[in-house]
Amino acid sequence: MSDNAGHMSPEEFRRQGYATIDWIADYWASLDDLPVLSQVAPGDVRRALPASPPEQAEGFDALLADLDEVVVPGLTHWQHPRYFAYFPANSSPAAILGDLLSSGIGAQGMIWATSPAVTEVEQVVVDWLAQALGLPEQFQHRAEGPGGGVIQDTASTATFTALLAALQSAGAGTVREAGLGDTRWTVYGSSQAHSSLVKAAMMAGIGAENVRMVEVDPATQAMDVAHLERLLADDIDDGCRPVFVQACVGTTSTGAIDDVQAIAEALDGVGAWLHVDAAWAGVAAVCPEHREVLTRGLHLAQSFVTNPHKWLLTTFDCSVLWVPDRESVVDALSLTPEYLRNAASESGEVVDYRDWHPQLGRRFRSLKLWAVLRTYGLEGLRAHIRDGVELARRVEDLVAEDDRFELVTARSLSLVVFRAVAGDEETMAIMDRVNASGVAYLSHTRVEGRAAIRWAVGSWRTTAADIDRTWAALTEVATGPR
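Residues numbered from 1 in each chain as written. Predicted model: local features only at pLDDT ≥ 70, side-chain atom pairs only at ≥ 80, totals over all residues. Heavy atoms only, no water.

Moving on, we get to the packing of aromatic side chains. Pairs of aromatic rings are described using the distance from one ring centre to the other and the angle between the two planes. Under the counting rule described, the total for this entry stands at 15 aromatic pairs. Three or more aromatic residues joined by ring pairs make a cluster, and in this case those are Phe84, Phe405, Phe418, Trp455 and Trp471. A cation over an aromatic ring shows up here: Arg454 above the ring of Phe87, its NZ or CZ 4.8 Å from the ring centre. For Arg461, the ring lying beneath its charged end belongs to Trp460, and the centroid distance is 5.8 Å. (Phe/Tyr/Trp six-rings, centres within 6.5 Å; stacked < 30°, edge-to-face > 60°. Lys NZ or Arg CZ within 6 Å of the ring centre and 35° of its normal.)

Below is the structure:
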């Protein structure tokens with residue numbers, strides 16, 4: 001081996017590993033004092049780095065130094081206790097260590113034979129999560145039926161996977177070979193559905209023009225099922241083929257929860273695949289008090305996705321997709337070149353997860369979710385979810401008590417959507433000033449054409465003091481008498 005290969009010795013790896021863990025712990029400890037939203041201008045980080053790679057090897061400590069000097073100032077701190085924008089991207093000590101173990105093992109789990117433990121631990125872990133959430137037994141590997149779950153990278157990929165399975169199923173197994181043909185396939189989701197639904201239709205060749213945006217109830221922002229029924233009937237009359245309907249359980253904009261049971265009943269006789277997107281809210285079903293509203297009608301769905309990497313303390317990326325019939329997915333995506341043939345796969349006794357999503361290669365993602373489930377236990381996970389809900393209830397009360405603000409929709413779990421009574425310009429100005437101050441970071445949406453601020457609680461580091469400090473920053477820049 002060349003002397004300048006740059007490989008760390010075991011002793012150096014151990015030393016730098018300790019230094020890296022120390023850096024992460026120090027970073028967490030410093031977050032309270034850092035502005036949540038990055039203060040750099042476009043190009044600042046790029047200009048601070050050399051334009052060409054180093055010719056000679058550098059020590060790893062030089063990289064850690066650049067993290068402090070160059071990278072951290074250019075970060076928006078998603079693990080900050082006052083990060084309230086979009087949805088939380090939770091990490092946790094246990095998840096990080098699980099992810100580190102996955103990287104250290106470095107196994108490929110594309111088929112069972114390439115690392116049996118990668119596949120079988122994942123099967124057990126996604127079954128554990130299904131049980132923790134109270135999902136129908138038909139979604140579990142351990143059940144006698146053909147169902148099961150798989151860890152995807154994101155809910156966007158899960159939606160795309162489900163759509164491909166829906167097309168193959170509706171096309172009697174011909175779409176993967178012959179393409180979409182002359183059939184005009186149509187896809188449906190509420191006007192509040194995540195943009196990944198349209199992107200999935202684009203990537204599948206259906207086209208954005210064939211995605212129908214279903215109206216929502218103005219008060220709840222949940223899908224108007226009567227409008228869905230009219231759209232379905234009109235499309236069928238026009239010779240279209242409805243193939244995929246996405247119900248949202250916790251929309252990105254306001255956290256609205258569609259009536260999955262009613263949507264499923266509206267699809268009776270239509271033949272369209274029902275996919276339930278619960279990317280953010282679904283994990284809250286770990287708490288029995290939230291389970292009924294989050295899982296009602298789920299037994300009628302053909303697929304369900306939720307993201308432990310949002311609110312369940314699991315480092316990105318970890319999105320779990322469940323189906324009651326794995327063959328629908330495998331039939332759409334299985335492709336076996338000679339170099340992947342092996343006795344275990346051909347026996348039919350194992351799961352080859354490369355058939356459950358578009359990509360072939362896959363890392364040992366289940367380790368981090370396994371670490372979270374084991375080190376927190378269900379009691380700890382429930383406590384985390386309940387903390388988020390209670391802190392959001394505190395936000396809701398603060399908004400209700402201040403005449404300068406008003407709630408836009410009812411609080412949805414740990415998401416509060418509100419606006420300034422003075423109007424859109426004031427609403428956006430207040431949010432922008434708070435974000436620019438670095439005290440907190442909030443994001444916005446539009447509800448029924450009007451601007452609104454989204455305050456999404458969920459970090460494992462957030463306390464009541466963080467809620468109060470952020471509210472003080474908001475009210476300090478708000479205009480008008482209280």
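This part is about the sheet that holds strand E8 (residues 405–407). Read across the sheet, four strands follow the order E8-E9-E11-E10 without closing on themselves; strand pairing throughout is antiparallel. Across the chains shown, the open sheet's two edge strands, defined by having one partner strand only, are E8 and strand E10 (443–447). Each strand axis lies, on average, 40 degrees off the axis of its neighbour in the sheet, ignoring direction. Pairing of strand E9 (residues 415–420) with strand E11 (residues 450–456), which is carried by four bridges, proceeds in the antiparallel orientation. Residue pairing in the sheet places Val417 in a bridge with Arg454 of E11. (Pairing = 2+ DSSP bridges. Helix = DSSP H or I, 4+ residues; strand = E, 2+ residues; numbered from the N terminus. Axes fitted to C-alpha atoms, helices over the stretch in contact; angles between N-to-C directions.)

This next bit is on the nonpolar core. Counting residues in hydrophobic clusters, the biggest one holds 101 residues, and the most contacted among them are Val243 and Trp322. For this core, the leading source of residues is helix H6 (residues 155–170), giving 10 residues. Setting aside anything within four residues of it in sequence, one finds Trp322 in contact with Val126, Leu129, Ala130, Leu133, Leu135, Phe139, Gly148, Gly149, Gln302, Ser303, Phe304 and Thr306. Counting residues in hydrophobic clusters, the runner-up holds 24 residues, among them Ala392, Val416, Val434 and Val457. (Core = buried A, V, L, I, M, F, W, Y, C linked by side-chain atoms within 4.5 Å. Buried < 20%, exposed > 50% of the residue type's maximum accessible area, 1.4 Å probe, protein only. Contact = heavy atoms within 4.5 Å.)

For an α-helix the count is 3.6 residues per turn, leaving residues at separations of three or four pointing the same way. Counted at 1.5 Å a residue, the expected span for helix H4 (residues 93–105) with its 13 residues is 18 Å, and the 18 Å between its end C-alpha atoms agrees. Taken together, the buried positions of H4 are Ala94, Ala95, Gly98, Asp99 and Ser102. The arc that holds the buried residues of H4, viewed along the axis, is 135 degrees, so those residues lie on one side. Every exposed residue of H4 that faces more than 90 degrees away from the buried side is listed here: Leu101 and Gly104. (Expected span 1.5 Å × (residues − 1). Arc of directions from axis to C-beta.)

As a further point, take a nonpolar patch on the surface. A grouping of Ile21, Leu97 and Leu100 is seen on the molecular surface, where their side chains present a nonpolar patch of about 260 Å² in accessible area. Position of Leu100 relative to the elements: it lies in helix H4. Under the relative-accessibility criterion, Leu100 is labelled partly exposed at 49%. (Patch = residues over 30% accessible without salt bridge, like charges linked within 9 Å, V, L, I, M, F, W, Y side chains within 5 Å. Areas by Shrake-Rupley, 256 points an atom, 1.4 Å probe, with all protein chains shown as cover. Salt bridge = Lys/Arg side-chain N within 4 Å of Asp/Glu carboxyl O.)

Glancing now at the environment of Thr252. In this structure, Thr252 sits in the loop between strand E4 (241–248) and helix H10 (260–266). In this structure, the C-alpha to C-alpha distance between Thr252 and Ser195, residues 57 residues apart in sequence, is 9.6 Å. Excluding residues that lie within four positions of it along the chain, Thr252 makes contacts with Phe87, His194, Leu415 and Arg454.

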